[in-house]
Amino acid sequence: MSFYKWNPRGYLETYFPDDISFEPTMEFIIQQRNNFNGKIGVEIGCGPTVCYFSAAAKVLKGIYVSDFLDKNLEEIKKWMIGKGYNWDTFFRIIQMYEGSDEAILKYEREVKKKVLGLLHCDIRKNEIFKKKFDFVMSFYCADSITDDKKKWREYFTNILRVVKPGGFFIGGALYRCKKYMIDDIEFPSANLDENDVRNAMLDAGMHDLTVKVVTDSIAKDKKKKEQYNYEKIILMSGFKKS
């Protein structure tokens with residue numbers, strides 16, 4: 001897995017700009033909160049982002065945050081001590097979906113208290129962690145490190161193995177995307193559709209599935225938009241058979 005040219009801050013500035021007014025992935029997480037209320041969970045392949053586990057954190061007992069790249073986890077560490085990327089726009093959007101008007105700094109502090117630790121993960125391994133979790137989330141991870149659909153399915157299945165029997169999974173993937181870019185450097189994507197996702201989840205022993213394609217939030221800046229190479233995303237969730 002060669003991501004030596006990966007630029008965490010460039011990724012955040014391109015794909016998590018401050019000029020968006022909606023964010024379908026976070027909305028989906030908030031809509032699904034009843035399915036993981038009171039659980040201890042893990043986010044697999046967080047990248048340098050905090051917005052997805054932040055959208056889940058309010059109802060969790062706690063969450064571990066994991067990634068393969070140390071430089072992504074360094075971005076999370078910076079945010080934990082108040083020196084990282086500015087996520088104010090995304091916390092405002094979370095609060096919009098919640099109908100909350102809590103001060104952003106207070107909300108962020110509460111989220112940080114729920115972070116139980118930062119972990120290294122490698123989704124190429126059959127056993128990513130020594131333990132399984134009641135709640136697992138993974139967004140734009142397995143599909144964003146390979147353009148080989150067979151490898152994607154293998155990595156995605158490894159992620160689903162982390163879900164305990166009876167546990168809940170929620171995730172996302174880019175829709176029919178073959179590549180995405182950061183500072184004009186190309187990175188692979190697995191060119192998935194909803195059927196790829198649904199079939200992989202069923203084969204991994206998941207049930208009561210939600211799999212849907214929605215339009216993603218896109219930066220208004222023309223140069224940033226030219227990096228995307230996709231307009232839609234696949235959102236997914238389901239329970240592991242007991």
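Below is a short write-up of the structure.

Moving on to the overall build of the protein. Of the regular secondary structure elements, the protein holds nine helices and nine strands. The globule rule puts the C-alpha radius of gyration for 242 residues at 18 Å, and the 16 Å found for the protein is close to it. Along the three orthogonal principal directions, the C-alpha set of the protein runs to about 40 × 40 × 30 Å. Across the 242 residues that make up the protein, the buried fraction comes to 55%. By sequence separation, contacts in the protein at least 24 residues apart represent 75% of the contacts at least 6 residues apart. For the protein, the accessible surface area stands at approximately 11200 Å², while carbon and sulfur atoms represent 46% of it.

The residue Gln-32 is located in the loop between α2 (24-31) and β1 (40-44) in this model. Here Gln-32 is in contact with Phe-168, Ile-170, Thr-210 and Ser-237, once residues within four sequence places are set aside.

What the seven strands build is an open sheet, ordered β3-β2-β1-β4-β5-β9-β8; its pairing is mixed. Unpaired on one side and paired on the other, β3 (115-120) and β8 (206-215) mark the two borders of the sheet. In this sheet, adjacent strand axes meet at a mean angle of 15° when their direction is disregarded. In terms of strand pairing, strand β4 (residues 133-139) meets strand β5 (residues 163-174) through six bridges, oriented parallel. In the sheet register, Val-136 faces β5, and the bridge partner there is Phe-169. Where helix α4 (residues 70-80) meets the sheet, its contacts fall on β2 (62-67) and β3, and the angle it forms with β3 comes to roughly 160°. The strands touched by helix α7 (residues 149-161) are β1, β4, β5, β8 and β9 (232-240); relative to β5, the strand with the most contacts, the crossing angle is about 140°.

Turning to helix α1 (residues 8-15), a few remarks are in order. With six of its eight residues buried, α1 lies for the most part within the structure. Those residues of α1 that fall on the buried side of the exposure criterion are Pro-8, Gly-10, Tyr-11, Leu-12, Thr-14 and Tyr-15. Looking at the packing, one finds that the buried side of α1 touches α4, β6 (179-182) and α9 (222-225). Backbone nitrogen of Arg-9 and a side-chain oxygen of the N-cap are separated by 3.2 Å at the start of α1; the cap is Asn-7.

Moving on, we come to the pattern of salt bridges. A full pass over the atoms with the stated rule returns 11 salt bridges. In this structure, Glu-98 and Lys-58 form a salt bridge, with 3.4 Å as the shortest nitrogen-oxygen distance. Placement of Glu-98 in helix α5 (residues 88-98) and of Lys-58 in the loop between α3 (51-57) and β2 is noted, with a sequence separation of 40 residues between them. Lys-78 serves as the salt-bridge partner of Glu-75, at 3.8 Å between the closest nitrogen and oxygen. In this pair, Glu-75 and Lys-78 both sit in helix α4, three residues apart, roughly one turn of the helix. Note on Lys-78: relative accessible area 36%, which makes it partly exposed. Taken together, the shared-partner salt bridges connect Arg-9, Glu-75 and Lys-78 into one network.

Mapped onto the elements, Lys-112 comes out in helix α6 (residues 104-114). Here Lys-112 is buried and forms no salt bridge, its nearest opposite-charge partner Glu-108 lying at an N-O distance of 4.6 Å. Polar contacts involving the side chain of Lys-112 include one to the main-chain carbonyl oxygen of Trp-79, which spans 2.9 Å. Apart from residues lying up to four places away in sequence, Lys-112 is in contact with Trp-79, Met-80 and Gly-82.

What follows covers a negative patch on the surface. On the surface, Glu-13, Asp-183, Asp-184, Asp-221 and Glu-226 cluster together to form a negatively charged patch. Positionally, Glu-13 belongs in helix α1. Residue classification places Glu-13 among the partly exposed positions, given a relative accessible area of 38%.

Parameters at a glance
Residues numbered from 1 in each chain as written. Predicted model: local features only at pLDDT ≥ 70, side-chain atom pairs only at ≥ 80, totals over all residues. Heavy atoms only, no water. Helix = DSSP H or I, 4+ residues; strand = E, 2+ residues; numbered from the N terminus. Rg over C-alpha atoms; globule rule 2.2 N^0.38 Å. Buried < 20%, exposed > 50% of the residue type's maximum accessible area, 1.4 Å probe, protein only. Contact = heavy atoms within 4.5 Å. Areas by Shrake-Rupley, 256 points an atom, 1.4 Å probe, with all protein chains shown as cover. Pairing = 2+ DSSP bridges. Axes fitted to C-alpha atoms, helices over the stretch in contact; angles between N-to-C directions. Polar contact = N/O pair within 3.5 Å; in protein donor to acceptor, adjacent residues only side chain to side chain. Salt bridge = Lys/Arg side-chain N within 4 Å of Asp/Glu carboxyl O. Lys, Arg positive; Asp, Glu negative; His and termini not counted. Patch = residues over 30% accessible without salt bridge, like charges linked within 9 Å, V, L, I, M, F, W, Y side chains within 5 Å. Charge placed at Lys NZ, Arg CZ, Asp CG, Glu CD.

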